[in-house]
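# Coordinate analysis (summary)
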2 protein chains.
Amino acid sequence: MPESKNAPLGDCCEETAVHEDLIESVRADMPDIAVLYDLAELYRIFADSTRIRILYVLFEKEVCVCDIAELLNMTVSAVSHQLRLLRGAHLVRFRRVGKVCFYSLADDHVKTIIGQGIEHLTEG
Amino acid sequence: MPESKNAPLGDCCEETAVHEDLIESVRADMPDIAVLYDLAELYRIFADSTRIRILYVLFEKEVCVCDIAELLNMTVSAVSHQLRLLRGAHLVRFRRVGKVCFYSLADDHVKTIIGQGIEHLTEG
DNA sequence: TTATCATTTGAACGATTGTTCAAATGATTA
DNA sequence: TAATCATTTGAACAATCGTTCAAATGATAA
């Protein structure tokens, strides 16, 4: 966390009255910093088109790694690296059947989050 | 877009029958690649705790840049850089009053998207 | 056992990101 | 006009990210 230089304490913009109260109330309602870090980390998973494409592949049913790779026209290795991140964020599950690993969506939050994003894009 | 090396065309995992149909149907339901890029770009904005904190500051009411900077204990410059990204994604608006710029949330999608994220974190 | 297949993993690379610093606008006041 | 304030902008930097390549697991079959 960097040290503040430009921002004076308690007053800025030469108006002091309103700002004090504002700062108090905002600070009170702000969630714990740890939650905000986790939140940013979650959205970082969605912040790559490859991972979003992987999630879309899993929308309908579970798919094995090499099928995902073929669908996205990518190497199995690259897909596997991204699946690792998706697993870490608990966005996908996988089960092993012999040599093959089938991946699927962990829950419905993926669909709702992506749905909200598309809504923002199309309505905005 | 990199060239596929590992993934064979049409068959993989030594099972060919089911996969062909799957690939067809997934390819048909996959959104346009441009939409997926825009979607990833949108979530990239949420993928940083500083920007999420800025959005939280704006949850209640419009706030000027130096107040945001003070609330987050950051330089005005750093905040301004991030506000630029938020503006570019149409997540915040701003209006100028004299020398001061007040920023506010552009619409309710910000709250719903962040809400979904928190839900995923707390329920998972 | 050996061989092969499906997947994972680690290191390396260029590309992107967030912050800092200094300089440049934009707007008000003297 | 000049001076000051609030904010923006550009360049630079370390840090992080996504892919590639090669090597390592994990599991099945010969």
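The sections below set out a description of the structure shown in this document. (Residues numbered from 1 in each chain as written. Chains lettered and ligands numbered in written order. Predicted model: local features only at pLDDT ≥ 70, side-chain atom pairs only at ≥ 80, totals over all residues. Heavy atoms only, no water.)

## Considerations on the sheet that holds strand 3 (residues 100–105) of chain A
Residue and element names in this part refer to chain A. Basically, it comes down to this: Strands qualify as paired when DSSP identifies two bridges or more between them. Here a strand is any run of E in DSSP of at least two residues, a helix any run of H or I of at least four, and the numbering for each starts at the N terminus. In this analysis, two residues are considered to be in contact whenever any of their non-hydrogen atoms come within 4.5 Å of each other. A fitted line through C-alpha atoms represents every axis, and for helices the fit uses only the stretch in contact; the resulting angles, taken between N-to-C directions, go from 0 to 180 degrees.
Strand order in this open sheet of three strands is 1-3-2, and the pairing throughout is antiparallel. Edge positions in the sheet fall to strand 1 (63–64) and strand 2 (92–97), since each of these pairs with one other strand and no more. Taken together, the two bridges between strand 1 and strand 3 define a ladder with antiparallel strand orientation. Looking at the pairing, C64 lines up with F102 of strand 3. Contacts from helix 5 (residues 76–88) reach strand 2 and strand 3, with the element oriented near 120° to strand 2.

## Overview of the sheet that holds strand 3 (residues 100–105) of chain B
Residue and element names in this part refer to chain B. Spatially, 1-3-2 is the arrangement adopted by the three strands of the open sheet, whose pairing is antiparallel. The open sheet terminates on both sides in strands that have one partner only, identified here as strand 1 (63–64) and strand 2 (92–97). Where strand 2 meets strand 3, six bridges bridge the pair, whose relative direction is antiparallel. From the neighbouring strand, R96 faces strand 3, where its bridge partner is C101. Strand contacts of helix 5 (residues 76–88): strand 2 and strand 3, with the helix running at about 120° to strand 2, the strand carrying the most contacts.

## Observations concerning the relation of the copies chain B and chain A
Inclusion rule: We place the copies in one frame by least squares, fitting the C-alpha atoms of every residue whose pLDDT is at least 70 in both.
Superposing chain B onto chain A takes a rotation of 180° plus a shift of 0.0 Å along the axis, which leaves an RMSD of 0.0 Å. Taken together, the rotation and translation relating the two chain copies correspond to the operation of a two-fold axis. In this assembly the copies share their binding face: 99% of the residues contributing to the interface of chain B also contribute to that of chain A.

## A short note on the packing of aromatic side chains
Heads up, the rule is: Any Phe, Tyr or Trp ring, taking Trp's six-membered ring, that has another such ring centre within 6.5 Å forms a pair; planes under 30 degrees apart are called stacked, those over 60 apart edge-to-face, and the others tilted. Each residue is placed in one exposure class: buried if its accessible area under a 1.4 Å probe, protein chains only, is under 20% of its type's maximum, exposed if it is over 50%, and partly exposed if it falls in between. Working rule: Lys NZ or Arg CZ, within 6 Å of ring centre, within 35 degrees of ring normal, means a charge sits over the ring.
The tally for this structure, following the rule as stated, stands at seven aromatic pairs over all chains. With a centroid separation of 5.4 Å and an interplanar angle of 45°, the aromatic rings of A:F46 and B:Y43 are classed as tilted. On the criterion of chain membership, the pair formed by A:F46 in helix 2 (residues 33–46) and B:Y43 in helix 2 (residues 33–46) is interchain, its members lying in two chains. The exposure classification of A:F46 matches that of B:Y43, with both residues buried. When the centroid spacing of 5.3 Å and the interplanar angle of 20° are considered together, the rings of A:F94 and A:Y103 count as stacked. Classification of A:F94 as partly exposed rests on a relative accessible area of 40%. Counting every residue linked through ring pairs, the aromatic cluster contains A:Y43, A:F46, B:Y43 and B:F46. Sitting over the face of the ring of B:F59, B:K111 holds its NZ or CZ atom 5.3 Å from the ring centroid.

## Topic: the interface of chain B and chain A
Quick reminder of the rule: Once two parts are put together, the accessible area they lose, assessed with a 1.4 Å probe and summed over both, is termed the buried area. Salt bridges are identified by distance alone: a Lys or Arg side-chain nitrogen within 4 Å of an Asp or Glu carboxyl oxygen. Polar contacts, as used here, are pairs of N or O atoms within 3.5 Å; protein pairs need one atom able to donate a hydrogen and one able to accept it. Residues neighboring in sequence count only if both atoms are side-chain atoms.
On the side of chain A, 72 residues touch chain B, which itself brings 73 residues to the contact. Of the roughly 6,200 Å² buried where chain B meets chain A, counting both sides, 68% is carbon and sulfur surface. Per-residue buried area on chain B facing chain A is highest for B:Y43, B:E70 and B:H120; these three make up 12% of the total on that side. Applying the counting rule to chain B against chain A returns zero salt bridges. Applying the counting criterion to the chain B and chain A interface returns 14 residue pairs in polar contact (both at pLDDT 80 or more). Sorting the residues of the side of chain B that touches chain A by element identifies helix 1 (17–29), helix 2, helix 3 (49–57), strand 1, helix 4 (65–72), helix 5 and helix 6 (109–123) of chain B as the ones contributing at least two each.

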